[in-house]
Amino acid sequence: MANNDARPSLDDLRVLLAVTEAGGFRRAARSLGLSVSTVSETITRLESSLGVPLISRTTRSVMPTEAGRRLTERVAPLLFEARAALDEAASSGPALRGRLKLNVPGAVMVDILPPLIDRYMAAYPDVRIEIVVEDRLVDITAADCDAGIRYGEHLEQDMIAVPIGPRRQEGALAASPAYLTRRGLPAHPSDLLDHDCIRVRISGAALGPWEFEREGVELTVDPPARLTMGTGGAAAAIELAIAGHGILYMFRNWLDPHLASGALAPILPDWWQPFDGPRLYFSRRLVPAPLRAFIDLAADERSRQPSA
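Sequence order as written defines the numbering, with residues in each chain counted from 1. A pLDDT threshold of at least 70 governs which residues receive local features in this predicted model, and a stricter bar of 80 or more applies before side-chain atom pairs are shown or counted, although totals over entire chains, interfaces and linings include all residues. Side-chain numbers here rest on the full set of heavy atoms in the structure, without hydrogens or water.

Undergrad: Would you take a moment to explain the pattern of salt bridges for this structure?
TA: Side chains that differ in charge, positive against negative, can pair when their charged atoms come close. A carboxyl oxygen of Asp or Glu within 4 Å of a side-chain nitrogen of Lys or Arg is what we treat as a salt bridge. Going through the model one piece at a time under the given rule, you end up with 20 salt bridges. Residues R70 and E66 are paired through a salt bridge, measuring 3.7 Å at the closest nitrogen-oxygen approach. Here R70 pairs with E66, and both are found in helix 4 (residues 66-90), just four residues apart, close to one helical turn. Of the charged contacts in the structure, one is a salt bridge between E73 and R69, with a shortest N-O distance of 2.7 Å. Taken together, the residues E73 and R69, both in helix 4 and four residues apart, mark about one turn of the helix. Salt bridges linked by common partners bring R14, R99, D144 and D146 together as one network. Only DSSP runs of H or I with at least four residues qualify as helices, and only runs of E with at least two residues qualify as strands; both kinds are numbered from the N terminus onward.

Undergrad: I tried to follow the pairing of strand 15 (residues 279-283) on my own but got confused; where do I start?
TA: Every other side chain in a regular strand lies on the same face of the sheet, so the side chains alternate between the two faces. Here's how the labels work: a residue is buried when its accessible area is under 20% of the maximum for its type, exposed when over 50%, partly exposed in between, all with a 1.4 Å probe on protein chains only. The element strand 15 is largely enclosed, with a buried count of four among its five residues. Strands are labelled as partners when DSSP assigns at least two bridges between them. Pairing geometry for strand 5 (residues 147-150) and strand 15, over three bridges, is antiparallel. Across the sheet, residue R150 finds its bridge partner in strand 15, namely R279. Relative to strand 15, strand 6 (residues 159-163) runs antiparallel, the two being bridged by five bridges. Bridging across to strand 15, A161 finds its partner in Y281.

Undergrad: I'm lost on the pairing of strand 5 in this one. Help?
TA: Of the two faces of strand 5, the one lined by A147 and I149 and the one lined by G148 and R150 are each fully buried. Inspection of the sheet shows strand 3 (residues 98-104) paired to strand 5 by two bridges, in the parallel sense. When the sheet's bridge partners are listed, N103 is paired in strand 5 with G148.

Undergrad: Explanation requested: the sheet that holds strand 3 in the structure shown.
TA: Sheet strands pair via backbone hydrogen bonds, and the direction of the pair is either parallel or antiparallel. With mixed pairing, the five strands of this open sheet are ordered in space as 4-3-5-15-6. Lying at the two open borders of the sheet, with one neighbouring strand each, are strand 4 (127-133) and strand 6. Between one strand axis and the next, the sheet turns through 25° on average, direction left out of account. Contacts are assigned to residue pairs with any non-hydrogen atoms lying within 4.5 Å of each other. Note on geometry: axes are C-alpha line fits, over the in-contact stretch for helices, and angles between N-to-C directions span 0 to 180 degrees. Helix 5 (residues 113-123) rests against strand 3, strand 4 and strand 5 of the sheet, and its axis sits at about 165° to strand 4.

Undergrad: Which parts of the structure should I look at to understand the confidence of the model for the chain?
TA: Detail in the predicted coordinates should be disregarded across regions flagged by low pLDDT. The pLDDT value expresses, per residue, how confident the predictor is, ranging between 0 and 100. Of the residues in the chain, 89% reach a pLDDT of 70 or more, and the chain-wide mean stands at 86. Between the elements of the chain, mean pLDDT differs from a low of 75, seen in helix 4, to a high of 98, seen in strand 13 (residues 265-266).

Undergrad: Can you walk me through the nonpolar core in this structure?
TA: Looking at soluble globular proteins, one finds that nonpolar side chains tend to be buried together. Counting 56 residues, the largest nonpolar core has L113, L173, I247, L255 and F294 as the members making the most contacts within it. In terms of residue count, helix 9 (residues 289-303) provides more of this core than any other element does, seven residues in total. Once residues within four sequence positions are removed from consideration, F294 is found in contact with L100, L102, L113, L116, I117, Y120, I164 and L280. Residues belong to a common nonpolar core when they are buried Ala, Val, Leu, Ile, Met, Phe, Trp, Tyr or Cys residues joined through side-chain atoms within 4.5 Å.

Undergrad: Sorry if this is basic, but what is going on with the packing of aromatic side chains here?
TA: Think of a pair of aromatic rings as described by two things: how far the centres are apart, and how the planes are tilted against each other in angle. Between rings of Phe, Tyr and Trp, where Trp is taken as its six-membered ring, a pair exists when centres lie within 6.5 Å; planes separated by under 30 degrees are stacked, by over 60 edge-to-face, and by other angles tilted. Considering all chains together, one arrives at eight aromatic pairs under this definition. Put simply, the rings of Y151, F251, W254 and F275 touch in pairs and so form one group of aromatic residues.

Undergrad: Any chance you could explain the side chain of E134 here in plain terms?
TA: Mapped onto the secondary structure, E134 falls in the loop between strand 4 and strand 5. Given the relative accessible area of 15%, E134 is considered buried. With near-sequence residues (within four places) excluded, E134 lies in contact with R27, N103, V104, P105 and R150.

In structure tokens, the structure reads:
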């Protein structure tokens, strides 16, 4: 039976959203800056207040019940809009205030997002900034984020996506001169099947094939992985390629300094495939003032870039 004397608070509902999005109490606690016991006690109190189980707990997983799923789907946009409205009110004075929380993949944390955040922090010193780095596509509203950044994923219909960072990027293939002296230079993408390759896996996803294109001919190659790294280990993967442990397929902008220095040598550059740069996505229903300022700053940064 529901305990009507203890109505759920907005903070309790925020904890429920975090547990549902994170799929566990420990990850939710880290994202909220709370202890695991506090998160667990909050969920227990919330379930007691409503008189229904909201989270199904097993030794292997933490999942919302049907009642929990329906509740989070309804309260997530309300909590998001309430916080956005508070930020809007706080920013009605001469100085922009509030919070900007972004959910981004590790790929933009190397050289795309840091310069934007540097400019933003200098321009708006009273805005609190939080960046959550993960590669899977998330519901930014349920995750209590203002916006996300992703590459090419399908987005919900109520989301707006705008380009951020470089208009076009390119995948590049490289290895150390020592490796190529030892093993030979591939003359065609199919030759990669006979080489040691360093693969980078996006979190929670299968290894994607390497894609190539030349004069309208598109090829995909799925070479054996001598070494596999997560996106968080991309810098280490580059260092291991420099050390001669295999061929690496990576964002060209990450490899450019090492190609310029000669630490890495380009492989099959005529086959390197360009692709669209990342996009910033956010809900069309309400754009908090700190996010609007970030969108405008990103647009200004893109206007300074040379045309493709």
